Amino acid sequence: MLLNLSRGIDRVTEFVGKAVMWLILLSVLVSAGNAIILKMFSISSNAWLELRWYLFGAAFMLAAAYTLKQNEHVRVDVFYASRSRTTQHWIDLFGHVFFLLPFVVLMTWLLVPYFLQAYSSGEVSSNSSGLIIWPARAFLLAGFCLLVLQAISEIIKKIAVIAGLMEDPHPTLSAKEAAELEVAALVQEIKK
């Protein structure tokens, strides 16, 4: 049951993550178009700059859960990489339960009134020709909501992998395991 929930969350995360990468291209096109219009006609607007920031911010926030799903977040590998894959799973589970999930739940909880205030007041950027603020705050909120869901999915999967209920979705070898395999291969080579 929980693994089905995890698979469903992963599908949503995958869809959103792949869809928002197009926002980067759109951001580049807006930026290039703004630069060309500025050079050719000496006109521009802060709205174009803010739109570019909104698009890039949306791509970054909405793709964060996809990055977590793909196990591509940056880690401090001094301690982590030298451990076995099983120990890495325990480290990930600990980090997800005691750091990631509380942080993203707290951020989601704090962002709800932050978004609602901008939405209900119609708050506009203080820049000349600035855009309304609530879409940017909505992207922040949506990104953290997706991270909450993906954190739950990752916790479910880590428990399932540790319990032997599923294969490791990221079966990479740790540096220690790779070194051990290399040593074993060298020993076999020497024995020949």
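Residues numbered from 1 in each chain as written. Predicted model: local features only at pLDDT ≥ 70, side-chain atom pairs only at ≥ 80, totals over all residues. Heavy atoms only, no water.

With respect to the overall build of the protein
Now for step 1: Within the protein, the secondary structure is distributed over six helices and zero strands.
Now for step 2: Whereas a compact globule of 192 residues would reach a radius of gyration of roughly 16 Å, the protein reaches 22 Å, over 25% beyond that.
Now for step 3: The principal-axis extent of the C-alpha atoms belonging to the protein is close to 75 × 40 × 30 Å.
Now for step 4: Per-residue burial for the protein yields a buried fraction of 34% across its 192 residues.
Now for step 5: Looking at the protein alone, contacts between residues at least 24 apart form 74% of all its contacts between residues at least 6 apart.
Now for step 6: In the form shown here, the protein has an accessible surface area of approximately 12100 Å², with 72% of it arising from carbon and sulfur atoms. (Helix = DSSP H or I, 4+ residues; strand = E, 2+ residues; numbered from the N terminus. Rg over C-alpha atoms; globule rule 2.2 N^0.38 Å. Buried < 20%, exposed > 50% of the residue type's maximum accessible area, 1.4 Å probe, protein only. Contact = heavy atoms within 4.5 Å. Areas by Shrake-Rupley, 256 points an atom, 1.4 Å probe, with all protein chains shown as cover.)

Structural notes on unusual backbone geometry
Now for step 1: For asparagine 71, which is not glycine, the phi dihedral falls at a positive 60°.
Now for step 2: Within the element layout of this structure, asparagine 71 appears in the loop between helix H2 (46-69) and helix H3 (77-80).
Now for step 3: Although it is not a glycine, serine 129 sits at a positive phi angle of roughly 60°.
Now for step 4: Locating serine 129 in the fold gives a position in the loop between helix H4 (85-121) and helix H5 (134-162).
Now for step 5: Given the relative accessible area of 45%, serine 129 is considered partly exposed.

Structural notes on the nonpolar core
Now for step 1: Leu62, Val104, Phe144 and Leu147 are the most contacted members of the largest nonpolar core, which has 19 residues in total.
Now for step 2: Looking at this core, the elements with two or more residues in it are helix H1 (2-41), H2, H4 and H5.
Now for step 3: Looking at this core element by element, the count peaks at seven residues for H2. (Core = buried A, V, L, I, M, F, W, Y, C linked by side-chain atoms within 4.5 Å.)

Looking at the environment of leucine 2
Now for step 1: Mapped onto the elements of the fold, leucine 2 is located in helix H1.
Now for step 2: By relative accessible area, leucine 2 is classed as exposed at 54%.
Now for step 3: For the pair leucine 2 and leucine 141, spaced 139 residues apart in the sequence, the C-alpha separation amounts to 25 Å.

Brief notes about the packing of H1 against H5
Now for step 1: One can describe the packing of H1 onto H5 by two numbers: an axis separation of 9 Å at closest approach and a directional angle of 135°. Considered as vectors, H1 and H5 are oriented oblique to each other. When the axes of H1 and H5 are compared, the crossing they make is left-handed. Contact residues: Leu2, Leu3, Leu5, Ser6, Ile9, Asp10, Val12, Thr13 and Val16 in H1; Leu146, Leu149, Gln150, Ser153, Glu154, Ile156, Lys157 and Ala160 in H5.
Now for step 2: Of the residues assigned to the contact of H1 with H5, the class counts are ten nonpolar, four polar and three charged. (Axes fitted to C-alpha atoms, helices over the stretch in contact; angles between N-to-C directions. Parallel < 35°, antiparallel > 145°, perpendicular 65-115°, else oblique. Left-handed = near helix turned anticlockwise from the far one by under 90°. Nonpolar A, V, L, I, M, F, W, Y, C, P; charged D, E, K, R; others polar.)

With respect to the layout of surface pockets
Now for step 1: Roughly 520 Å³ of volume is contained in the largest pocket.
Now for step 2: In this structure, the largest pocket is lined by 22 residues; those nearest its centre are Leu68, His73, Val74, Arg75 and His96.
Now for step 3: At the level of secondary structure, the elements contributing two or more residues to the lining of the largest pocket comprise H2, H3, H4 and H5.
Now for step 4: Of all the elements, H4 adds the most residues to the lining of the largest pocket, at eight residues.
Now for step 5: Counted by class, the lining of the largest pocket contains 14 nonpolar, five polar and three charged residues. (1 Å grid on protein atoms, 1.4 Å probe; cavity = no way out; pocket = protein on both sides within 12 Å on 5 of 7 lines; lining within 4 Å. Points joined across faces, edges and corners; volume = space filled by probe spheres on them.)

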